[in-house]
Amino acid sequence: MKKMKKWLNHRRTGEHRRGQGMVEFALAIPIFLMIVLGIIEFGRMFLMYTSVFAGAREGARYGAAVKTVCDSAGLQDAVRRAGFFAGDLAIAIQYDDGYGNVKACEDTVLGDRVNVTASINFESITGVIPDLTLHSTARR
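Residue positions within a chain follow its written sequence, with the count starting from 1. Residue-level local features of this predicted model are given only where pLDDT is at least 70; pairs of side-chain atoms are given and counted only at 80 or more, and the full residue set underlies all totals for whole chains, interfaces and linings. Water and hydrogen atoms were dropped before computing side-chain values, which therefore reflect all heavy atoms in the structure.

Enquirer: Looking at this model, I keep getting lost on the side chain of S124. Mind explaining?
Expert: Within the element layout of this structure, S124 appears in the loop between strand 3 (113-122) and strand 4 (132-139). At a separation of 3.1 Å, a polar atom in the side chain of S124 contacts the main-chain carbonyl oxygen of I129. Going along the chain from the N terminus, every DSSP run of H or I of four or more residues is numbered as a helix, and every run of E of two or more is numbered as a strand. Each polar contact in these results corresponds to two N or O atoms within 3.5 Å; when the atoms are within protein, one needs to be able to donate a hydrogen and the other to accept it, and residues that are neighboring in sequence are counted only if both atoms are side-chain atoms.

This is the structure we're talking about:
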């Protein structure tokens, strides 16, 4: 009976389970790393989208506030200044009369609306999030 108790106590102390922790760690670490890398990639994508959104909004604000309507160089500078976290933004500028009739810059009059679209290709570093295009359009 004493031998049986000694053997049971020996089993409870975990001396026979030395490799169990390493096996559990080896099974859990890939899942944990995928979650951490997903959080990092999503945060990076959110920062870039926020920068693109702010750039388009600032460009539309600048286009509505500037005295010379066709100041596309100044408008693009305003977009790039506000969206500098995103990198090299692709910027499209259009003017319309508010009813959907697109106008050339030379044909615009006071009160016409400026449409600024900023976009960039998001390239995933880890591959957790697929590559996609982030774009935002602001009108004033």
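Enquirer: Is there a simple way to explain the pattern of salt bridges in this structure?
Expert: Close approach of charged atoms lets side chains of opposite charge pair. We define a salt bridge as a contact between a side-chain nitrogen of Lys or Arg and a carboxyl oxygen of Asp or Glu at a distance within 4 Å. Under the criterion given, the structure shown has 4 salt bridges. Across the pair E58 and R61 runs a salt bridge whose closest N-O atoms are separated by 2.8 Å. Residue E58 and its partner R61 are both found in helix 2 (residues 20-65); the two are separated by 3 residues, about one turn of the helix. For the exposure calls, accessible area comes from a 1.4 Å probe over protein chains only, and a residue counts as buried if that area is under 20% of its type's maximum, exposed if over 50%, partly exposed in between. Look at E58 and you get partly exposed, because its relative accessible area is 26%. A salt bridge links D96 to R113, with the shortest nitrogen-to-oxygen separation between them at 3.0 Å. Note that D96 is positioned in strand 1 (residues 90-96) and R113 in strand 3, a separation of 17 residues in sequence.

Enquirer: Can you walk me through the nonpolar core in this structure?
Expert: The nonpolar side chains of a soluble globular protein tend to be buried, and buried together. Grouped together as the largest cluster of nonpolar side chains are 19 residues, with contacts concentrated most on V79, L89, V116 and I120. Secondary-structure elements contributing two or more residues to this core are helix 2, helix 3 (72-82), strand 1, strand 3 and strand 4. Each residue touching I120, except ones within four places of it in the same chain, is listed here: M48, V52, A86, G87, D88, L89, L132, T133 and L134. By nonpolar core we mean a set of buried residues, namely Ala, Val, Leu, Ile, Met, Phe, Trp, Tyr and Cys, connected to one another through side-chain atoms within 4.5 Å. Only heavy atoms matter for contacts: two residues are in contact if any of them lie within 4.5 Å across the pair.

Enquirer: Whenever I open this one, the sheet that holds strand 4 confuses me. Can you help?
Expert: Each pair of strands is called paired provided DSSP finds at least two bridges between the two strands. Pairing within the open sheet is antiparallel, and its 4 strands lie in the order 2-1-3-4. Every interior strand has two partners, whereas the edge strands, strand 2 (102-103) and strand 4, have only one. Pairing of strand 1 with strand 2, which is carried by 2 bridges, proceeds in the antiparallel orientation. By the bridge assignment for strand 2, Y95 is matched with K103. Docked against the sheet, helix 2 engages strand 3 and strand 4, running at close to 160° with respect to strand 3. To define axes, lines are fitted to C-alpha atoms, for helices over the stretch in contact only, and angles between the resulting N-to-C directions are given on a 0 to 180 degree scale.

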